[in-house]
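In case you want the letters, here they are:
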Amino acid sequence: MTHPSILVVDDDLSIRETFLRQLAGEGYDVAAADSAEAAIAMLGRHDIEPGLVITDLRMPGMGGLDLLRWLREAQPDVEVIVITAHEDMQTAITAMKDGAYEFLVKPLDLDQVELVIARCFRDRAVRRRMHMYKAEAAEPYELRRLIGRDPRMIEISKTIGSLATNRAAVLVRGETGTGKEVLARTIHYNSPAADEPFVAINCTAIPETLLESELFGHVRGSFTGAVGDRKGRFELAGSGTVFLDEIGDVSPAFQAKLLRVLQDGEFYPVGAERARRTAARVIAATHRPLEQLVRDGTFREDLYFRLRVVEIEIPPLRERRGDIRPIAEAMIARIRSELHKDVNIPEAVMSALEHHDWPGNVRELENSLMRAAVLARTSAIAVEDLSLGSMRQLPSDKSADPTLAAAVLAHVEWALAGTGGNKRQAAKLLGISRQRLDRILARDVDAIQDND
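Cut-offs and rules
- Residues numbered from 1 in each chain as written.
- Predicted model: local features only at pLDDT ≥ 70, side-chain atom pairs only at ≥ 80, totals over all residues.
- Heavy atoms only, no water.
- Helix = DSSP H or I, 4+ residues; strand = E, 2+ residues; numbered from the N terminus.
- Buried < 20%, exposed > 50% of the residue type's maximum accessible area, 1.4 Å probe, protein only.
- Contact = heavy atoms within 4.5 Å.
- Expected span 1.5 Å × (residues − 1).
- Polar contact = N/O pair within 3.5 Å; in protein donor to acceptor, adjacent residues only side chain to side chain.
- Core = buried A, V, L, I, M, F, W, Y, C linked by side-chain atoms within 4.5 Å.
- Axes fitted to C-alpha atoms, helices over the stretch in contact; angles between N-to-C directions.
- Parallel < 35°, antiparallel > 145°, perpendicular 65-115°, else oblique.
- Left-handed = near helix turned anticlockwise from the far one by under 90°.
- Phe/Tyr/Trp six-rings, centres within 6.5 Å; stacked < 30°, edge-to-face > 60°.

## Things to note about the side chain of Arg124
Its place among the elements puts Arg124 in helix α5 (residues 110-135). Judged by its relative accessible area of 11%, Arg124 falls in the buried class. Among residues more than four places away in sequence, those in contact with Arg124 are Gly51, Asp77 and Glu79.

## Some thoughts on helix α6 (residues 151-163)
With 13 residues, α6 should cover 18 Å at 1.5 Å per step; its first-to-last C-alpha distance of 19 Å lies within 8% of that length. Buried residues in α6 make contact with β6 (170-173), α7 (180-189), β13 (281-286) and β14 (310-313). For α6, the N-terminal capping position is held by Asp150, with its side-chain oxygen 2.8 Å away from the main-chain nitrogen of Arg152.

## Quick word on the nonpolar core
Counting 36 residues, the largest nonpolar core has Ile345, Leu353, Leu365, Leu369 and Ile381 as the members making the most contacts within it. Of all elements in the fold, only α13 (324-339), α14 (347-355), α15 (361-375), α17 (404-418), α18 (423-430) and α19 (434-441) reach the threshold of two or more residues within this core. Counting residues per element, this core draws most heavily on α15, which supplies seven residues. Every residue in contact with Leu365, bar those within four places of it in the chain, is listed here: Leu317, Ile324, Ile327, Ala328, Met331, Leu353 and Trp358. Counting residues in each nonpolar core, the second largest holds 31 residues, with Leu171, Cys203, Val250 and Leu258 among its members.

## A short note on the packing of α13 against α14
What describes two packed helices is the angle between their axes and the distance between those same axes. Where α13 meets α14, the axes come as close as 10 Å, and the angle between the chain directions of the two elements is 125°. Of the possible angle classes, the one that applies to α13 and α14 is oblique. Classified by chirality, the crossing of α14 by α13 is right-handed. Only Glu347, Met350, Leu353 and Glu354 of α14 make contact with α13, whose side of the interface consists of Ile324, Arg325, Ala328 and Glu329.

## Some points on the packing of aromatic side chains
Two measures describe an aromatic ring pair: the distance that separates the ring centres and the angle between the ring planes. Evaluated as defined, the whole model comprises eight aromatic pairs. A ring pair is formed by Phe216 and Phe267, whose centres lie 5.7 Å apart and whose planes are at 20°; its orientation type is stacked. Residue Phe216 is located in helix α8 (residues 208-216), and its partner Phe267 is located in strand β11 (residues 266-267); the two are separated by 51 residues in the primary sequence. The class of Phe216 is buried, set by a relative accessible area of 2%. Overall, Phe267 belongs to the buried group, its relative accessible area being 2%. Chaining the aromatic ring pairs together yields one cluster made of Phe216, Phe234, Phe254 and Phe267.

Interpretation note: all reported values are geometric properties and have no functional meaning in isolation.
Right, here's the structure in full:
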């Protein structure tokens, strides 16, 4: 795999040649300049677009610190390592304050330099992940995203408004498909932390052995395969929001570690000896009866109360039929944009939607509308394209395979049949990737049991 590019800036030819030979041998795309002015000219011409600049401190003309300051203004995404033959504590402090990633003193240990470079690019990748999380805020989750005229939905909107003034933990409850993550995002994007990351994780989609590392991170060497330090979701969230979906399914051992986060705002990366702090708000969601789990001894009572500082229960769609029309109208508008297809919902179809029980709630409604829009031969979708009864039919043959794998495979085959065998459209209808669709069809058990 090709590594990101590196620009070496040094007036010493032997230093430039050493870096070019050593780093190119490690797979990096390396270029060199003999002065800061030449480096700026190369960057201006886009001869190279480096992720890292390694610059000498003292050079004729413009020095390394001046180049560092120029880069911080002109290309703030580029990391800078400053090297020098003169060990000067004050200069090192100045370089780090001005934004240098590292300050190294000659003679250089090239093996150590390679480790610093690798760490630099790992940290850069983490920052880009954080930027990705923050970029989700570009499409604001305004209160109108929670569509509903039902009095219970109006009360939920009021609760969201009150949460904007604090960082209390929230427990969101509701049946599968009711929109618990949408509600969590609405809380986040209507809070003062809206510009911070919203980091979501499905606790059942990650093996128990990896869940702790995923949320809290790990240090190098803490387990087989931990080749470097890795930040977890809590650290990536900063002072934003961590959304823990299906919290009722985590183990008692993990519950104890999560309790510490909620009580003290501290967590330990796997293998670390020192705790790290987090200011992230925790929003947890579940469709399971936590009270019963507490009575059964499988869910900690103290964690339960810590999570439900504020509790919000989303009613199922069948209990708020008056919301089906506005939700369907909003969905079909979005589907028109996604499919680039002019489709609408005739009144007869809308009536059918309003009289359906929607066991899969809002998610089932969205999938049904997407399927109908894909199959529609005119601008008006048809009732038969909704297949409202197909998901409720059970095999009459008692010898039919009752396993989850068989049910998932049957549902995938139903989607393929509905889209005329078009895998891309079937994957879109099912809300999964084309690659996962292919794996399910290949009877890949891990793909079938994964919970996106």
